[in-house]
Amino acid sequence: MKVCKFGGTSMANGKTIGLVADIINEDSERRFIVVSAPGKRDKKDVKVTDALYECYDEIAKNGTCDIAFEVINKRFCDIAGSLTPDFDICGVLKDVKAQMEKTKSKEFCASRGECLSALILAKKLGAEFVDTAGLIEFDTDGNLLLDRSIENLQARLADVDRAVLPGFYGTDTDGNVRTFSRGGSDVSGAIVARAMGAEVYENWTDVDGFLSADPRIVDKPCLIDYLSYRELRELSYMGAEVLHPESIFPVRSAGIPINIKNTFNPSFKGTMIVANNKLPKEHKIITGIAGRKGFTIINIEKDMMNSEIGFGRKVLEVLEDEGISFEHVPSGIDTLSVVIRDEYVSGKMQKVLAKLQETINGDNVEIHSGLSLIATVGHNMASRHGTAATLFEALASNHINVRMIDQGSSELNIIVGVDTFDYEKAINAIYHAFIKTPSDC
Ligand code: ADP
Ligand code: ASP
Ligand code: MG
């Protein structure tokens with residue numbers, strides 16, 4: 001049995017949902033289907049989820065969403081009109097709008113795209129619609145309760161032959177609708193796959209598989225045939241947005257492989273994500289490169305810091321008190337740096353710097369913003385000498401200044417921090433240092 005998740009581009013309009021239905025009908029093992037809200041139909045389009053956040057903003061301001069909801073009406077009337085003409089979508093949309101205005105909940109509003117998308121696909125397939133509200137559970141802080149969710153899904157789906165479930169949301173222990181972070185339908189699909197003990201979790205999107213770099217930055221990057229769960233986690237966390245970084249957790253412990261497939265090229269094998277010991281032998285040195293913009297680094301200097309017991313704890317405690325999580329903490333003998341996402345420190349930086357100075361009495365505390373991080377990831381990096389040399393030589397010969405270096409103890413990756421104006425250039429330089437011709441793929 002297979003669990004399939006179809007993303008926003010696959011669910012974008014009546015025509016693409018028709019392709020989705022064909023893919024499902026082609027294989028009777030595709031029994032549990034998780035869907036996203038309709039995504040962009042072209043570059044300039046809006047995702048339904050973004051339009052729903054706009055509805056929420058209008059509700060928060062005016063109590064109603066008469067203006068913003070028009071976009072939702074139009075999208076779903078177009079889709080249902082061409083796909084399921086007997087389905088009274090207008091009546092459903094009227095109820096949805098009224099519920100959104102009544103609950104005034106941002107997460108409830110955002111969740112309706114997936115709910116409507118699943119309702120329509122279920123009608124088209126003649127399959128059962130099974131709402132994930134009440135099945136996928138969160139605590140009141142919005143943390144997923146995985147074991148309870150698995151039990152709920154197993155009990156509910158035990159006698160169901162084929163079902164369509166909305167991704168992205170569930171309910172908390174108080175019964176309120178809660179969503180995952182953006183792109184979270186990937187996580188919902190993984191939970192359903194784990195609950196039902198799927199043989200494979202198929203994740204259907206708009207590219208042939210996981211590429212070794214972002215195709216918007218590197219021209220025609222190699223397609224990765226096999227990837228380990230750990231490599232996937234590193235690459236997706238660092239910005240390869242094809243899969244949500246948390247989607248491996250539910251499936252990894254059960255050894256369920258994830259197969260990334262292209263809705264628009266369904267016969268292509270795609271990328272398989274598997275456990276380490278299932279990787280084929282010829283796995284390459286470098287599996288992929290991913291990166292993110294928008295980091296700030298706090299550099300702290302203090303003579304003899306290394307012998308001051310508790311110094312690191314004091315620094316991190318200042319961040320903890322401000323509710324800020326950090327990405328990396330590279331250190332030297334008398335220096336310690338902390339790399340933080342801009343969004344976490346926005347509006348708090350001056351306060352953090354003042355508190356740091358007060359707590360640790362440093363010789364120098366300064367910040368450097370406009371930083372991007374780039375991760376070069378590969379299981380075989382640890383066992384090959386010269387990998388770091390190749391990487392830094394590529395950056396140096398392209399006149400790119402490296403602001404930070406971090407190699408995790410797993411030796412699965414090397415992370416470098418560069419100025420954001422060098423970001424695209426740096427990714428291309430690293431990529432082409434390891435992959436010189438298509439035959440290196
Ligand atoms: P979906 O709507 O199916 O969830 P997403 O937009 O979340 O799809 O993810 C697919 C997109 O991720 C691709 O269209 C591609 O532009 C982008 N992307 C970024 N990095 C990578 C990568 N390393 N491999 C493949 N796609 C990538
Ligand atoms: N629709 C949600 C989003 O746009 C979730 C998803 O597509 O996975 O983020
Ligand atoms: Mg996605």
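The structure presented is a predicted model; accordingly, all values stated were derived computationally and were not measured.

Applying the stated criterion to the full structure yields 26 salt bridges. Across the pair Glu202 and Arg30 runs a salt bridge, and its minimum N-O distance is 2.7 Å. Linking Glu202 in strand β8 (residues 200–205) with Arg30 in strand β2 (residues 30–35), this pair joins segments that are 172 residues apart in sequence. For Glu202, a relative accessible area of 4% gives the class buried. Where Lys355 meets Glu322, a salt bridge forms, and the shortest distance between an N and an O atom there is 3.2 Å. Here Glu322 lies in the loop between α10 (311–321) and β13 (335–341) and Lys355 lies in helix α12 (residues 349–360), a separation of 33 residues in the sequence. Under the relative-accessibility criterion, Lys355 is labelled partly exposed at 28%. A relative accessible area of 12% places Glu322 in the buried class. Beyond isolated ion pairs, a larger network of salt bridges with shared partners links Lys2, Asp27 and Glu29.

A few words on the site of ligand 2. Surrounding ligand 2, one finds Ser36, Thr49, Glu114, Phe168, Arg182, Gly183, Gly184 and Ser185. At a separation of 3.4 Å, an oxygen atom of ligand 2 approaches a polar backbone atom of Gly184. In the shell around ligand 2, the residues fall into one nonpolar, five polar and two charged.

Cut-off values and rules
Residues numbered from 1 in each chain as written. Chains lettered and ligands numbered in written order. Predicted model: local features only at pLDDT ≥ 70, side-chain atom pairs only at ≥ 80, totals over all residues. Heavy atoms only, no water. Salt bridge = Lys/Arg side-chain N within 4 Å of Asp/Glu carboxyl O. Helix = DSSP H or I, 4+ residues; strand = E, 2+ residues; numbered from the N terminus. Buried < 20%, exposed > 50% of the residue type's maximum accessible area, 1.4 Å probe, protein only. Near = heavy atom within 4 Å. Polar contact = N/O pair within 3.5 Å; in protein donor to acceptor, adjacent residues only side chain to side chain. Nonpolar A, V, L, I, M, F, W, Y, C, P; charged D, E, K, R; others polar.

Shape is all these values report; function is a separate question.
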